[in-house]
Amino acid sequence: MVSIGVDMGAKNVKVVVLRENEVIGKALVTAGLDTEGALKEALQSASREAGIDYDEVGNITATGAGRKDVPMARDELTEVGAAARGALFHFSDARTVIDVGAEEGRGVRFNAEGRVIDFVINEKCAAGAGAFTEAMARALEVPLEEFGPLSLKSDREIPMNAQCAVFAESEVVSLVHAKTPKKDIARAVHDAIASRITSMVRRVGVEERVALVGGLAYNVGFIDSLNRDLETEVLIPPDPEYTAAIGAAVVAAERGAKASEGGENS
Amino acid sequence: MMEQFQEWAQERHSYAQEWKKQTGGKVVGYFCTYVPEEILYAADILPVRILGSHEPQDVTEPHIFGMFCPFCRDCLAQGLKGRFDYLDGIMIAQSCIHIRQAFTSWEMHLPTDFSYYLPMPNHVQSKRATPFLRGELEKFKGAVEEWTGTTITDEKLNTGIDLMNTNRRLQKQIYELRQGGNPPITGLEAMYLTISSQTTSKEDHNREMERVVSELSDRSTGRSIGTRLMLVGSENDDTEFVNMVESVGATVVIDDHCTGTRYFWNESEPNGGDPLEEIARRYVDRPACPTKDWPDRTRIPHVLKMAKEWDVAGAILIQQKFCDPHELDIPALTKAFHEAGIKTLFLEFDVTVPLGPFRVRVEAFLEMLSDEDLF
């Protein structure tokens, strides 16, 4: 059976097509203001890549902030549940998933079936999220894609006190004025985010192994800081930004199978 | 059927002003539910609780530290903005230092004819607490008599006690109707019921409860009940939050808040002729606020018993930001709930609540509670 997971995120629409537990198509479209158009485009493009007909699709499950705006979805799943199922899809030994996107950081602990045991989401503060990295890279005049690798070159630890993205920027400027090498500042920034994420995730209890998903899973500097902070080696799935959509597609398949077992009345 | 309570809660200021006009009586604003309203009613005074308005404000910064709880700042803001200008007096009973700061600041900047600090003992588990409080109530009664120029007789005190006890009994009776599989009122309606009991004359409030109570057992809210939840925390009059929770597949069936069950759960017991002792004992014995719940944590078995009797699947632990007494209880409460097989969601409240991010958390929590269905 073919199932589809749609992750209607705050910024991007991600669609994953799954057949017998294998990803056969995927697409990411930036939503902008036309979410409806982006959704349609992502669905078409993923289906085309998968080479499927619409009537082959057994079930569609939506997740993400805009999951209510996916009319073709038959059911839905929260971002928390989707992150757990998506992480487990890639790594059967994962029990904690850390999901850091542009504006939100999440930690989810789950059992071997992907059932959520506890979760935590960052509150009213961007200092632990991807937007913080972008702001700091901008302050250092370093392209975002170079910011992570730059931080790997540092072997110095500089503690950053600021817990607020705006104050942290002024701290970075002070470091620049003190002629601190950019690579050390980059590492200080990643250490600071990792520390905030780690202390948040510790609230739910970190259980091995830990998977990292979301946009920040592309940032090698952040991964390095997080590994040091958690004293572990986090697992990074391929295409980490598709994890929630995969989680939704897995649940779509399960629920679809259950519905057909249950017959006409279910 | 429950609309009157909502209207009273929302129109609390015009209600109090109208009451004053009609009766010519005095209105006293109080900051904490350890204030013995019996004595105020005995002097024909209307006690109204000072609550916030959940609007961002910028007037309290010179008076209260930013790391004091948002509720105490919101309360003071109401005074500074002139919304309680009709008050003839204010009072507080000792509970936490944050709300006391709101009281002392109000006293300093918004002087009223009457202002009273009642040293309610913190160590309510001591056998000396009741006689101590009785002595303080005697002093308080004297202060009210001096202010109003009247004598508060035992007969008047007993009238005050009756009024308060009737109110408590009726509220509890209505809350007990929520134990069944199909609660006749929503959590939002219950919240309005209790808030209005703190802002309306108990005579009016009792009359309205007596009117609705008999009809309620046959009432259906006409909505799906979903997951049964409990709310636990300090003060919580955030109607928008409860409304959001009940719009995503849940019903709040019980709570432990001082704007909820802690306010009315126990009545005073007749003791054969000393009304002040009777009142003192009632406040010493009431479900404790965490500021007074030590060395034993009596609140935990009480809360768990309610969770069981109201058959809740999960509990939302509401923490007013910077509220240390409640924060101290949260790890112990969380542990106790988990051991009882009840999952919890911790949320930190501020003056305004970020409904969107909170909806994400509540939905994920409800999904976690109903996860068994998935497998």
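Remember, predicted model here, so these are calculated numbers, not experimental data. (Residues numbered from 1 in each chain as written. Chains lettered and ligands numbered in written order. Predicted model: local features only at pLDDT ≥ 70, side-chain atom pairs only at ≥ 80, totals over all residues.)

(A) Here's a closer look at the overall build of chain A. The secondary structure content of chain A amounts to 8 helices and 9 strands. Taken over C-alpha atoms, the radius of gyration comes to 20 Å for chain A, in line with the 18 Å a tight globule of 266 residues would show. Per-residue burial over chain A gives 50% buried out of 266 residues. (Helix = DSSP H or I, 4+ residues; strand = E, 2+ residues; numbered from the N terminus. Rg over C-alpha atoms; globule rule 2.2 N^0.38 Å. Buried ≥ 20, exposed ≤ 12 C-beta atoms within 10 Å, placed from the backbone.)

(B) Focus on the overall build of chain B. Within chain B, the secondary structure is distributed over 15 helices and 8 strands. The C-alpha radius of gyration computed for chain B amounts to 20 Å, which stays within 12% of the reference 21 Å derived for 375 residues, consistent with globular compactness. Taking the principal axes of its C-alpha atoms as reference, chain B extends roughly 70 × 45 × 45 Å. Counting the 375 residues in chain B, one finds 49% classified as buried. Look at the contacts in chain B between residues 6 or more apart in sequence, and 75% of them connect residues 24 or more apart. (Contact = placed C-beta atoms within 7 Å.)

(C) Up close: the packing of helix α2 (residues 79-90) of chain A against helix α8 (residues 243-261) of chain A. All names here are of chain A. With their axes 7 Å apart at the nearest point, α2 and α8 run at an angle of 90° to one another. One element, α2, and the other, α8, form an angle in the roughly perpendicular class. Here Glu79, Gly81, Ala82, Ala83, Ala84, Arg85, Gly86, Ala87 and Phe89 of α2 lie close against α8, whose contacting residues are Thr243, Ala244, Ile246, Gly247, Ala248, Val250 and Val251. Considering only residue class, the contact of α2 with α8 consists of 10 nonpolar, 4 polar and 2 charged. (Axes fitted to C-alpha atoms, helices over the stretch in contact; angles between N-to-C directions. Parallel < 35°, antiparallel > 145°, perpendicular 65-115°, else oblique. Nonpolar A, V, L, I, M, F, W, Y, C, P; charged D, E, K, R; others polar.)

(D) The sheet that holds strand β1 (residues 2-8) of chain A, seen in detail. Residue and element names in this part refer to chain A. Reading across the sheet, the 5 strands line up as β3-β2-β1-β4-β5 and stay open at both edges, with mixed pairing between neighbours. The sheet is open, and its two borders are formed by β3 (22-30) and β5 (75-76), each paired with just one other strand. Of the strand pairs in this sheet, strand β4 (residues 57-63) and β5 are connected by 2 bridges, and their pairing is parallel. Directly across from alanine 62, in β5, lies its bridge partner glutamate 76. Seen against the sheet, helix α1 (residues 35-50) touches β1, β2 (12-19) and β3 and runs at an angle of roughly 150° to β3. (Pairing = 2+ DSSP bridges.)

(E) Expanded view of the environment of valine 70 of chain A. All names here are of chain A. Residue placement: valine 70 occurs in the loop between β4 and β5. On the basis of neighbour count, valine 70 is assigned to the buried category, with 25 C-beta atoms found within 10 Å. For the pair formed by valine 70 and valine 6, sequence separation is 64 residues and the distance between their alpha carbons is 8.0 Å. Residues contacting valine 70, with those up to four places away along its chain left out, are Val6, Met8, Leu39 and Ala62.

(F) Layout of the interface of chain B and chain A. Listed as interface residues are 11 residues of chain B and, on the opposing side, 11 residues of chain A. Top contributing element to the side of chain B that touches chain A by residue count: helix α15 (residues 355-369) of chain B, with 7 residues. Taken together, the residues of the side of chain B that touches chain A sort by class into 6 nonpolar, no polar and 5 charged.

(G) The arrangement of the sheet that holds strand β7 (residues 314-320) of chain B in detail. All names here are of chain B. Ordered in space as β6-β5-β7-β8, the 4 strands form an open sheet in which the pairing is parallel. In the strand order of this sheet, the two ends are held by β6 (250-256) and β8 (343-349), each with one partner. Adjacent strand axes in the sheet meet at a mean angle of 25°, parallel and antiparallel pairs treated alike. As judged from the 6 bridges shared by strand β5 (residues 227-233) and β6, these two strands associate in the parallel manner. When the bridges of β6 are listed, arginine 228 appears paired with threonine 251.

(H) The domain arrangement of chain A, seen in detail. Residues and elements named next belong to chain A. Parsing chain A into structural domains produces domain 1 (1-91 + 238-266) and domain 2 (96-236). Using only C-alpha atoms to locate each centre, domain 1 and domain 2 end up separated by 28 Å. At the junction of the two partners, domain 1 supplies 16 residues and domain 2 supplies 19 residues. Broken down by element, the residue count for the side of domain 1 that touches domain 2 peaks at 10 residues, all from α2. (Domains from an automatic or database assignment.)

(I) Here's a closer look at the packing of helix α3 (residues 130-139) of chain A against helix α5 (residues 165-177) of chain A. All names here are of chain A. At a closest axis distance of 10 Å, the pairing of α3 and α5 adopts a crossing angle of 30°. With respect to each other, α3 and α5 are oriented roughly parallel. α3 and α5 meet at a crossing whose hand is right-handed. The residues of α5 that touch α3, namely those facing Phe132, Ala135, Met136 and Ala139, are Ala165, Ala168, Glu169, Val172 and Val173. Taken together, the residues that form the contact of α3 with α5 break down as 8 nonpolar, no polar and 1 charged. (Left-handed = near helix turned anticlockwise from the far one by under 90°.)

(J) Spatial organisation of helix α6 (residues 129-148) of chain B. All names here are of chain B. Taking 1.5 Å per residue, 20 residues should reach 28 Å; α6 reaches 28 Å between its end C-alpha atoms and fits that length. Where α6 is concerned, the buried positions are Ala129, Thr130, Leu133, Leu137, Phe140, Lys141 and Val144. Here the buried residues of α6 occupy an arc of 110° about the axis, which is enough to place them on one side. Exposed side of α6, more than 90 degrees from the buried face: Lys139, Gly142 and Glu146 are the residues found there. In this structure, the buried side of α6 is in contact with α3 (37-42), β4 (114-118) and α12 (275-285). A positive backbone phi angle near 70° is found at glycine 149, which sits one or two residues after α6. (Expected span 1.5 Å × (residues − 1). Arc of directions from axis to C-beta.)

(K) Structural detail: the pairing of β4 of chain B. All names here are of chain B. In this structure, strand β3 (residues 89-93) lies alongside β4, joined through 5 bridges in parallel fashion. By the bridge assignment, glycine 89 is partnered in β4 with phenylalanine 114. Handedness of the β-α-β unit built from β3, helix α5 (residues 97-109) and β4 comes out right-handed. (Right-handed = clockwise from strand over helix to strand, strands pointing away.)

(L) Up close: the confidence of the model for chain B. Mean pLDDT over chain B stands at 95; residues scoring 70 or higher make up 99%. Scoring of the predicted complex yields 0.88 for pTM and 0.79 for ipTM. (pLDDT = per-residue confidence, 0-100.)

(M) Quick look at the environment of glutamate 157 of chain A. If you trace the backbone, glutamate 157 of chain A turns up in the loop between α4 (144-152) and α5. The exposure class assigned to glutamate 157 of chain A is exposed, which follows from the 10 C-beta atoms found within 10 Å.

(N) The pairing of strand β1 (residues 27-30) of chain B, seen in detail. Residue and element names in this part refer to chain B. Residue alternation in β1 divides its side chains into two sets, Val27 and Gly29 and Val28 and Tyr30, and both sets are buried. Pairing of β1 with strand β2 (residues 46-49) involves 4 bridges; the strand directions are parallel. Considered in β2, the bridge of valine 27 is made with leucine 46. Chirality of the crossover, the property in question, places the unit of β1, α3 and β2 among those that are right-handed. Here β1 pairs with β3 via 3 bridges, running parallel. Note that in β3 the partner of tyrosine 30 across the bridge is methionine 91.

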